[in-house]
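Okay, here's what each chain looks like letter by letter:
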Amino acid sequence: MLNLFHNFNVRTFIRAAAWGPVILFFVEHGFSIGSIQGRSMQPTFNPDSNKLRRDVVLLNRWIAVTHEYVRGDVVTLFAPDDPDRVITKRIIALEGDTVFTTLPHPDKFVKIPKGHCWIEGDDIFHSKDSNEYGPVPLALINAKVSYILLPFSRFGKIERVESSRVSVFKDD
């Protein structure tokens with residue numbers, strides 16, 4: 001058994017495997033790469049509508065641990081109506097804000113409760129978002145989209161954009 005550790009290949013494997021938990025922690029809680037599909041975030045992502053090409057992005061997963069969200073951040077989260085599906089939306093409002101809604105939401109205004117946010121897609125005509133779900137729990141957010149990596153022609157930081165379509169008021 002001791003001779004097994006003298007084998008160069010076994011030692012190399014053990015050294016590499018020892019980094020496994022570190023790499024797993026980094027991917028789960030640090031940064032990872034993902035792809036964006038669908039039309040709900042056009043023109044920010046997938047602007048050419050070609051379903052064969054998807055934007056590849058850098059995901060900041062640490063933000064889901066720190067909960068340091070700002071209005072206008074683009075985030076990925078588990079869909080409130082299907083926890084097996086991950087969606088990409090923009091944060092429009094945070095807890096304590098009052099937001100003007102759009103159809104199909106039944107109320108004209110909604111005050112965002114503690115521990116929740118209001119999310120919407122950039123393409124209002126192709127987005128299932130808080131106007132259907134209502135305020136969503138912050139706990140559903142699993143990452144912030146930080147950069148577009150591919151295609152190279154669109155490489156860059158994701159701009160934080162506050163919606164001009166939705167007015168947000170902060171209670172004093």
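By the naming in an unreviewed UniProt entry, the chain is Mitochondrial inner membrane protease subunit 2, taken from Rhizophagus irregularis. The record in UniProt for the chain states the following under Subcellular location (unreviewed entry): "Mitochondrion inner membrane".

**Focus on the layout of surface pockets**
Unfilled space is identified by rolling a water-sized probe across the atoms. When its volume is computed, the largest pocket comes out at roughly 440 Å³. Ser35, Gln37, Val86, Ile87 and Thr88 are the residues nearest the centre of the largest pocket, which is lined by 22 residues in total. Among the secondary structure elements, those contributing two or more residues to the lining of the largest pocket are strand S1 (31-36), strand S2 (55-60), strand S3 (74-79) and strand S4 (82-94). The leading source of residues in the lining of the largest pocket is S4, at five residues. Along the lines of polarity and charge, the residues of the lining of the largest pocket split into eight nonpolar, nine polar and five charged.

**Quick notes on the packing of aromatic side chains**
The geometry of an aromatic ring pair is captured by the separation of the ring centres together with the interplanar angle, meaning the angle of the planes. Taken as a whole and assessed by the stated rule, the structure comprises two aromatic pairs. Where Phe100 meets Phe109, the ring centres are 4.6 Å apart and the plane angle is 50°; that geometry is what we call tilted. For Phe109, a relative accessible area of 44% translates into the label partly exposed. On the numbers, 6.5 Å between centres and 25° between planes, the contact of Tyr147 with Phe155 is stacked. Given a relative accessible area of 32%, Tyr147 falls into the partly exposed group.

**Overview of the pattern of salt bridges**
Applying the stated criterion across every chain yields a total of seven salt bridges. Asp73 is the partner of Lys144 in a salt bridge, and the nearest nitrogen-oxygen pair spans 3.6 Å. Of this pair, Lys144 sits in strand S9 (residues 141-150) while Asp73 sits in the loop between helix H3 (63-66) and S3, and the two are 71 residues apart along the sequence. In this pair, the class of Lys144 matches that of Asp73, namely buried. In this structure, Lys128 and Asp81 form a salt bridge, with 2.6 Å as the shortest nitrogen-oxygen distance. Taken as a pair, Lys128 in the loop between strand S7 (116-120) and helix H4 (130-133) and Asp81 in the loop between S3 and S4 lie far apart in primary sequence, 47 residues in all. Asp81 sits in the partly exposed class, given a relative accessible area of 42%. Residues joined by salt bridges that share partners form a network here, namely Asp73, Lys144 and Arg160.

Rules used in this analysis
- Residues numbered from 1 in each chain as written.
- Predicted model: local features only at pLDDT ≥ 70, side-chain atom pairs only at ≥ 80, totals over all residues.
- Heavy atoms only, no water.
- UniProt positions renumbered as here; feature names shortened; annotations may be inferred.
- 1 Å grid on protein atoms, 1.4 Å probe; cavity = no way out; pocket = protein on both sides within 12 Å on 5 of 7 lines; lining within 4 Å.
- Points joined across faces, edges and corners; volume = space filled by probe spheres on them.
- Helix = DSSP H or I, 4+ residues; strand = E, 2+ residues; numbered from the N terminus.
- Nonpolar A, V, L, I, M, F, W, Y, C, P; charged D, E, K, R; others polar.
- Phe/Tyr/Trp six-rings, centres within 6.5 Å; stacked < 30°, edge-to-face > 60°.
- Buried < 20%, exposed > 50% of the residue type's maximum accessible area, 1.4 Å probe, protein only.
- Salt bridge = Lys/Arg side-chain N within 4 Å of Asp/Glu carboxyl O.

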